[in-house]
Amino acid sequence: MMQNRVLVLDSRRQPLMPCHPARARALLKEGRAAVFRSFPFTIILLERASGDVQPVRVKCDPGSKTTGMALVAEFARRGPTVVWAAELTHRGEAIRSALRQRAMHRRSRRNRKTRYRAPRFDNRKRSEGWLPPSLRHRVDTVMSWVGRLRRLAPVTSISQELVRFDTQKMQNPEITGVEYQQGTLAGYEVREYLLEKWGRKCAYCEAKDVPLEIDHIHPRSRGGSDRVSNLTLACHACNQAKGNRDIREFLANRPERLAAILARAKTPLRDAAAINSTRWALCEQLKATSLPVETGSGGRTKYNRSQQGYSKAHWIDAACVGHSGSAVWLDAGMRPLLMEATGHGELQRARVDKHGFPLAHKRGGKSFRDFRTGDLVRCRKPGLPDFLGRVAIRFRPSFVVSGSDRKIEVHPKHLVVVQKADGYAYA
Ligand SMILES: [Zn+2]
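Let us now look at the coordination of the zinc ion. The expected angle between donors at a tetrahedral four-coordinate metal is 109.5 degrees. At an octahedral six-coordinate metal it is 90 or 180 degrees. Within the first shell, the zinc ion binds the protein through Cys202 (SG), Cys205 (SG), Cys235 (SG) and Cys238 (SG), at distances of 2.2 to 2.3 Å. Seen from the zinc ion, its four donor atoms lie at angles of 101 to 117 degrees, and the figure they make is tetrahedral.

So, in structure tokens, the structure goes:
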């Protein structure tokens, strides 16, 4: 099974080609390299001040909960090969709820004072391209990882999935009536288009999260066309029940549903539906890096993935993004680095009850000597096996270290910092 390659820097901290973990182990053992960063694992060569590099492409598939990322060495022996992959979990929902709670506290504080003061928050002007903080966070975290990867690997180009479907690839079938063919790139774009148009559910029974089949509203056997305006999505049961009957026949007892489906089928989906403001904001920022940015559609990603027989995973989708994803070598068993955005703690200095009244003021800070709350540390307490955990600074000279299966109090003298807190948890 292939593992994530180890990222390599030369002695001037310029990125070299990622190397095999066995090679990195040998270099570390011989004392010719040192660990530069634990997550993602990066070594720095102590003797070499330069080296040959080949183009590496960073590819990303931005999602609302998880973003897949992959580094592809474009001129590897076998052809473009995934050498490093990661899945970044965002914390959009946590940001939303924290802001909602803050707004609630402010509102109750305003009302608690004797005279009314109008809320101030909606006096502010929003700049062009403003995104809600939870969405801004997705763009920011992806950009910070692209920046980090550019410092750790010789990245020369970027690929991003930008839209769900590409109407150009579909050749605008609502207008020209190009035939829909399953299994082709156009077919995949049509499928993504239909998913968007019909709200990702069965048109007849509204079943969600089930495999959906493409259904001809007027059956082909009765002269119905393959135009997209004659296609809808149905679950397997409904598709079977309908068979090759006409929709008017099938929905004879449900005139409202029939009217709704016929009306919806006729209305073409506006291009805007394919456009996701977060992805466009990300694309703008990626273009600002001055590296060439390739964009692809979700239909293209799925087509590339299924043509090459790869299973579904965020990092595999990332590797299959765009034209460059049509031929990419990867080991589907490879384990990506799992990164979860955890934030940098809170600034609130007082614990409050549900009404916003202070319960207790927090004492002390988040740091003590070389330690900071959130640092990843190795615990070497005598009598205990070594383990990795996150440190939380407490008042007494003893910290709480939480590992994967234990949470103990430890004196800092038994702790070694492995990686400084950077707002992410790794697995
Ligand atoms: Zn159904």
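What follows covers the packing of helix α2 (residues 92–112) against helix α3 (residues 133–152). Relative to each other, α2 and α3 sit at 145 degrees, their axes nearing to 8 Å. By crossing handedness, the relation of α2 to α3 is classed as right-handed. Along its contact with α2, which presents Gly92, Ile95, Arg96 and Leu99, the element α3 presents Pro133, Ser134 and His137. A per-class count over the contact of α2 with α3 returns three nonpolar, three polar and one charged.

On to the packing of helix α5 (residues 185–197) against helix α10 (residues 298–307), then. Contact pair α5 / α10: the axes reach a minimum separation of 8 Å and the direction vectors enclose 130 degrees. As the angle between them shows, α5 and α10 are arranged oblique. Crossing of α5 over α10 shows right-handed handedness. Here Leu185, Tyr188, Glu189 and Glu192 of α5 come into contact with α10, specifically with Gly298, Gly299, Arg300, Lys302, Tyr303 and Ser306. Tallied by class, the residues present in the contact of α5 with α10 amount to three nonpolar, three polar and four charged.

A cluster of basic side chains, namely Arg102, Arg106, Arg109, Arg112, Arg120 and Arg124, defines a positive patch on the protein surface. With respect to the element layout, arginine 120 can be found in the loop between α2 and α3. Of the residues examined, arginine 120 reaches a relative accessible area of 49% and is grouped as partly exposed.

Moving on: the pairing of strand β7 (residues 81–89). Where burial is concerned, most of β7 is hidden: eight out of the nine residues are buried. Pairing of strand β6 (residues 66–73) with β7, which is carried by eight bridges, proceeds in the antiparallel orientation. For methionine 69, the partnering residue across the bridge sits in β7 and is alanine 86. As paired strands, β7 and strand β12 (residues 337–341) are joined by four bridges and run parallel to one another. Counted as the bridge partner of glutamate 87 is leucine 338 from β12.

Turning next to the side chain of arginine 305. Inspection of the secondary structure puts arginine 305 in helix α10. Its relative accessible area of 11% is what places arginine 305 among the buried residues. Engagement of the side chain of arginine 305 in a polar contact is seen with the side chain of aspartate 317, the distance being 2.6 Å. Apart from residues lying up to four places away in sequence, arginine 305 is in contact with Tyr310, Ser311, Lys312, Ile316, Asp317 and Cys320.

With that settled, consider the sheet that holds strand β11 (residues 293–297). Across the sheet, seven strands lie side by side as β11-β8-β5-β6-β7-β12-β22; this open sheet has mixed pairing. Either end of the sheet is taken by a strand with one partner, and the two such strands are β11 and β22 (424–426). Sheet twist, expressed as the mean angle between neighbouring strand axes with direction ignored, is 25 degrees. Bridge count for strand β8 (residues 155–163) against β11 is five bridges, and the pairing is parallel. Across the sheet, residue serine 159 finds its bridge partner in β11, namely glutamate 294. Lying on the sheet, α10 is in contact with β8 and β11; it crosses β11 at an angle near 85 degrees.

Further remarks concern the nonpolar core. Ranked by internal contacts, the top residues of the largest apolar core, which has 37 residues, are Leu71 and Trp84. Looking at this core element by element, the count peaks at eight residues for α3. Not counting residues up to four positions away in its chain, the partners in contact with leucine 71 are Leu7, Val56, Arg57, Val58, Thr81, Val82, Val83, Trp84, Leu149, Ala153 and Val155. In this structure, Tyr193, Tyr204, Leu231 and Ile247 belong to the second largest nonpolar core, which totals 25 residues.

Thresholds applied
- Residues numbered from 1 in each chain as written.
- Predicted model: local features only at pLDDT ≥ 70, side-chain atom pairs only at ≥ 80, totals over all residues.
- Heavy atoms only, no water.
- Donors = N, O, S within 2.8 Å, 3.2 Å for Na, K, Ca; no water.
- Tetrahedral: all angles 85-135°; square planar, octahedral: opposite > 155°, others 65-115°.
- Axes fitted to C-alpha atoms, helices over the stretch in contact; angles between N-to-C directions.
- Helix = DSSP H or I, 4+ residues; strand = E, 2+ residues; numbered from the N terminus.
- Left-handed = near helix turned anticlockwise from the far one by under 90°.
- Contact = heavy atoms within 4.5 Å.
- Nonpolar A, V, L, I, M, F, W, Y, C, P; charged D, E, K, R; others polar.
- Parallel < 35°, antiparallel > 145°, perpendicular 65-115°, else oblique.
- Patch = residues over 30% accessible without salt bridge, like charges linked within 9 Å, V, L, I, M, F, W, Y side chains within 5 Å.
- Areas by Shrake-Rupley, 256 points an atom, 1.4 Å probe, with all protein chains shown as cover.
- Salt bridge = Lys/Arg side-chain N within 4 Å of Asp/Glu carboxyl O.
- Lys, Arg positive; Asp, Glu negative; His and termini not counted.
- Charge placed at Lys NZ, Arg CZ, Asp CG, Glu CD.
- Buried < 20%, exposed > 50% of the residue type's maximum accessible area, 1.4 Å probe, protein only.
- Pairing = 2+ DSSP bridges.
- Polar contact = N/O pair within 3.5 Å; in protein donor to acceptor, adjacent residues only side chain to side chain.
- Core = buried A, V, L, I, M, F, W, Y, C linked by side-chain atoms within 4.5 Å.

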